[in-house]
Amino acid sequence: MRHTLFKILTLFFIAYSSAQNVDISGVVQDETGFPVPGANIIVKDTSKGSTTDFDGNFTLNEVETGSIITVSYIGYVTKEITITSNEPLTIVLQEDLAQLDEVVVIGYGTQKKKDVTGAVAIVDSQTIEDLKPVDAAQALQGTSAGVAVTAPSGSPGGGFNILIRGVSSNGDNGPLVIVDGYKGDLNTINPSDIETFSILKDAQAAIYGIEGANGVVLVTTKSGKKNQALKINYNGFTGVQQTTRKLPYLNATEYALILNESHAANGEALPYPDVSGLGVGTNWQDELFTTAPIMNHNVSASGGGETSTYYFGGSYIDQKGIISPEKSNFRRANVKIKLGFDIGKKLKFTTSANYFNSNRQTIGENALGTPLFNALNYAPTYGVDEGDPSGFLGNEVINPLTQIANTYNDYNGNAIEGTFQLVYTPIEGLSFTSRLGIRSYNDKGKTFSPEVEYGSGKVFNNPRSSVNQYRNTNNSYTWETFGNYQRTFAENHNTTFTLGTSVIRDWGDNLSGTGFDVPNNSWDFAEIQLANGISETKNANSYTYDSRLSSFFGRVQYDYKGKYLLSAMIRRDGSSDFSPDNRIDYFSSVTAGWKISDEAFLEDSETINFLKLRGSFGTLGNNTGADLYRALLDGEATYVLDGAITNGRASGRIPNPDASWETAKKFDVGLDLNMFDNKLTIVADYFIEDREDLLISSFPVSGILGGFAPGAGLPTVNAGTTRNTGIELAIGYKNQINDNTAFAINYNVTKIEGEVLEVRDNIPSRGGDFSVGQPQIAVLEPGQPVGYFLGYKTNGLFQNQAEVDASAQPDAAPGDIRFLDIDNDGEITDADRTKLGKPQADYIMGLNLSFDYKNWDFGAYMYAELGKETVRNYERDQSNVNRLKLYLDRWTGEGTSNSVPRVTNGGTTNRLFSDFYVEDSSFLRVQNIQLGYSLGDDVVEKIGIKKLRIYTLINNPFTITKYNGYDPAATNGAAIGGGIDYGFYPIARQFIIGLNLSI
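- Under an unreviewed UniProt entry, the name given to the chain is SusC/RagA family TonB-linked outer membrane protein, and the organism recorded is Algibacter mikhailovii.
- If you open the UniProt record of the chain and go to Subcellular location (unreviewed entry), you find "Cell outer membrane".

Printed below as a string of structure tokens:
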């Protein structure tokens, strides 16, 4: 009996002990170690709870051991913790970037991500942190479906081209960029100051009317948070850069042998009768490319009190070029300030300012006769200091190192930009916003051309030194006032009304001049005021511009029970860029959505967490073609004054008072799906865009209008229509396997088909040069993609004279390229030219991986473009220049080759533009591989900091492609003439080490 009683008492004691109440306390932090004020701590299944204070601390009394507390805060993943004792807790919340309640900027307002009815892509600050871009546009490459980002150059400060859903216009295809409410540029912003990108891809961008047809990139910069202690972050890195590729060109011995063969084929003496001592000679690419440094420093401080927030940021980047770092480099400094104040309970004031200063030096690139072009074509038998005084290599090829030594320029730019904003909320649900965005950019530059002699007949010879200097002033302001009113009717009918007005003005001027006979033929004296030479022609120029846009806009958003969504918007724009009769137009769109997952048949699904069907249709504008209605006095004419013939001015390009902007009609249907506890996300879209009233320059009109007079030109008219159709798919999966391990994978692919539907009178528009003296090869023509390549299709090589005699090329010889007689008329003429390719990709893809284990983190970003072509145009068509190694597989007799033609100094048609010069430039590029290590919490606490992370990364480690040129992704960005490679400055492979520090 006594033992039984003892057991009962023991069990009771254990039960009491395990169910005792304890007082708990702790701190809630984010992943960087900073406190999270205002977080909710609730004992699960009870009403007992608390919130964290300014420093993230909390206490909770009388909590039963074994209970579960939930810790939550907007924008973070909710965390559950089982209470086992009264030991102080340190709770770290992870940011929830895919949360459906995430707020998305959509233009003149915001929406929860789950309520968005348009095609909107989000790129967050973590992506920017991972990629470490020099230019903010790089963060969009491969991270957002439907968005293609290409570089016209790998040179420091070279900039980027952004395309949203392909090329629709024959002119400007770049998106509108809005930074905190004002028109801006991505290349003036420090990427580390950006919080998010919101990319409007469909008719939802109609709220921006005449400027929204190419899509809109909305940039929200970082700001402080209320009730947050001072938070200081430092991110810095340093590294080295090298070229990602060198082209396979002939060495000295190979070059001499092929040159001998070429001369012999034309009955000429051998230029190198003895090649035995030539060896490999000079590798001009090795001489040109070098290892160059890069460094970047970013510091920010942020926080806030009960009624205010603040953010201060500063950055400096210094990037040297992988070609001649002292002549090719870029430096940029940014200072960012963003402040917010509550002026009472109903009025809020925010202001932001960004100061930007850049300095850049460049060498010539992507054109005939530039240093890289010359490095590929200069003879490997010449020494590094050896010129071509006799002109043996022709009149257009010179020593590239000497050319760089004689290259002098300097460009400096300064900008101040920012916003002032007031938000007044007189009653709940009603707010009025008025903001003024300003931007002032001033730059100046100087180029010195010394007196120099490169050799007999060289086109680069300069008998007289000169200096050119210029100054640009560019200003803009955006003043917008709008109201938003949110109201719920009869419990289930939720509405938001937006009504506003916008005024935008862009204006500026330019002044440039040239001075001759620079003292001492030296850069040190290269100033116009010191150059006293006299020129017989005008050596000063200037221009001014002033463009204004006045707009009214409205939007209605409605949902029923948060399940059935509808939005309609309209905008009236008036642009001073066009004649008074064509300045005003209306743009509108409708978007709708259905949250299928909220229906009864899916609301209890354990598999599908969220499913939404959405669609949109609307019209938007592309404000291109300013001042086409004006007649300018930039033509030439000869007059008789007082009996004497006098040269003077006359009207230039024929004006077109009927010119108007382009109009885009956009249709989109999409699906958003989250599954398996929101671990799997799928976003799919199908879209169609018709771009009407394309502005086509130099459109043929009657000669009696004077369009062919000296200095005159044919008018620009609205004369074309294009259509783009496509499919986008973005798939993401993330999983927190346990407290130590997490991974994520994101993949996106876009399929685009573009076609020109109409060109007035079926008159094609051309652009893009190939070689010298040949017709332009890029064409805008019905039934084809914009800017497709037009040339001769080949059918191998002639192997013997009998094949030549039986062909449509009677003047050819065995070993020459055989062209297809497309029209079967027995001759090879212009009518036989046909489509050879296009510069736009059929498929754009991105793949991003991340893996975290304990304190280690790993990430990789990849980008691909498939189904596009590039024209190889960096080979000079002169007898004695160097060649690609592919000529080692040339035709030397019947059966030796059916792809690479014979070499000869005689006249042939082998240099005519054909598919021999068009290459598949599809590629897969690994953009970034990064590995980081963060010190543990116990270590950083001892040091007295919040976070310390060390990382190493490689940018552009490798590219998989069949293309022979430096960069298969490079293009000058032109709709007609893009994709022609004159010798693009290659992108750099960067090896970087860096540090993230939070205090």
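Here we look at the pairing of strand β35 (residues 741-759)
Line of reasoning, step 1. In terms of strand pairing, strand β34 (residues 717-736) meets β35 through 17 bridges, oriented antiparallel. Each residue of the ladder has a partner; that of L729, found in β35, is V749.
Line of reasoning, step 2. What sits between β34 and β35 in their antiparallel hairpin is a turn of 4 residues.
Line of reasoning, step 3. In terms of strand pairing, β35 meets strand β42 (residues 843-853) through 11 bridges, oriented antiparallel. From the neighbouring strand, N746 faces β42, where its bridge partner is N848.

As for the pairing of strand β30 (residues 635-641)
Line of reasoning, step 1. By the bridge criterion, 7 bridges tie β30 to strand β31 (residues 644-650) in an arrangement that is antiparallel. The partner of G635 across the bridge, within β31, is A650.
Line of reasoning, step 2. Adjacent in sequence and paired antiparallel, β30 and β31 are bridged by 2 residues, among which D642 carries a positive phi angle near 55°.

A closer look at the sheet that holds strand β14 (residues 182-183)
Line of reasoning, step 1. Spatial strand order, β10-β15-β16-β13-β14: 5 strands in an open sheet with mixed pairing. Each end of this open sheet is capped by a strand with a single partner; those strands are β10 (120-124) and β14.

Considering the confidence of the model for the chain
Line of reasoning, step 1. With 96% of its residues at a pLDDT of 70 or more, the chain has an overall mean of 91.
Line of reasoning, step 2. Within the model, pLDDT remains below 50 along residues 11-18, and this stretch shows 2 contacts once partners closer than five positions in the same chain are excluded.

Digging into helix α3 (residues 252-265)
Line of reasoning, step 1. When the terminal C-alpha atoms of α3 are compared, their 20 Å separation across 14 residues agrees well with the 20 Å that a helix rising 1.5 Å per residue should span.
Line of reasoning, step 2. All of the buried residues in α3 are A252, Y255, A256, I258, L259, N260, S262 and H263.
Line of reasoning, step 3. The distance from a side-chain oxygen at the start of α3 to the backbone nitrogen of T253 is 3.1 Å, and the residue carrying that oxygen is N251.
Line of reasoning, step 4. Once α3 ends, the next one or two residues include G267, with phi positive near 70°.

Description of a nonpolar patch on the surface
Line of reasoning, step 1. A cluster of nonpolar side chains, contributed by Y564, W594, F601, L613, F617, F667, V669, L671, Y686 and I727, occupies part of the molecular surface with about 890 Å² of accessible area.
Line of reasoning, step 2. Sorting the residues of the nonpolar patch by element identifies β29 (608-622) and β32 (662-675) as the ones contributing at least two each.
Line of reasoning, step 3. Take the nonpolar patch: its biggest share by element is 3 residues, from β32.
Line of reasoning, step 4. Residue placement: I727 occurs in strand β34.
Line of reasoning, step 5. We classify I727 as partly exposed; its relative accessible area is 47%.

Regarding the packing of aromatic side chains
Line of reasoning, step 1. Considering all chains together, one arrives at 24 aromatic pairs under this definition.
Line of reasoning, step 2. A centroid spacing of 5.2 Å and a plane angle of 40° characterise the contact between Y792 and F819, whose relative ring orientation is tilted. In this pair, Y792 is assigned in the loop between β38 (788-791) and β39 (794-797) and F819 in strand β40 (residues 817-819), connecting sequence segments 27 residues apart. We note that Y792, like F819, is buried.
Line of reasoning, step 3. One aromatic cluster is present, built from ring pairs that chain together Y108, Y208, F482 and F553.
Line of reasoning, step 4. Sitting over the face of the ring of W507, R505 holds its NZ or CZ atom 4.3 Å from the ring centroid.

Considering the sheet that holds strand β41 (residues 834-837)
Line of reasoning, step 1. Taken in spatial order, the 4 strands line up as β36-β37-β38-β41 in an open sheet, and their pairing is antiparallel. On the outer flanks of this sheet lie β36 (765-767) and β41, each paired with one strand and no other. Taken pair by pair, the neighbouring strands of this sheet meet at an average axis angle of 45°, ignoring direction.
Line of reasoning, step 2. Inspection of the sheet shows strand β37 (residues 778-780) paired to β38 by 2 bridges, in the antiparallel sense. Among the inter-strand pairings, A778 is bridged to a residue of β38, identified as F789.

Conventions and cut-offs
Residues numbered from 1 in each chain as written. Predicted model: local features only at pLDDT ≥ 70, side-chain atom pairs only at ≥ 80, totals over all residues. Heavy atoms only, no water. UniProt positions renumbered as here; feature names shortened; annotations may be inferred. Pairing = 2+ DSSP bridges. Helix = DSSP H or I, 4+ residues; strand = E, 2+ residues; numbered from the N terminus. pLDDT = per-residue confidence, 0-100. Contact = heavy atoms within 4.5 Å. Expected span 1.5 Å × (residues − 1). Buried < 20%, exposed > 50% of the residue type's maximum accessible area, 1.4 Å probe, protein only. Polar contact = N/O pair within 3.5 Å; in protein donor to acceptor, adjacent residues only side chain to side chain. Patch = residues over 30% accessible without salt bridge, like charges linked within 9 Å, V, L, I, M, F, W, Y side chains within 5 Å. Areas by Shrake-Rupley, 256 points an atom, 1.4 Å probe, with all protein chains shown as cover. Salt bridge = Lys/Arg side-chain N within 4 Å of Asp/Glu carboxyl O. Phe/Tyr/Trp six-rings, centres within 6.5 Å; stacked < 30°, edge-to-face > 60°. Lys NZ or Arg CZ within 6 Å of the ring centre and 35° of its normal. Axes fitted to C-alpha atoms, helices over the stretch in contact; angles between N-to-C directions.

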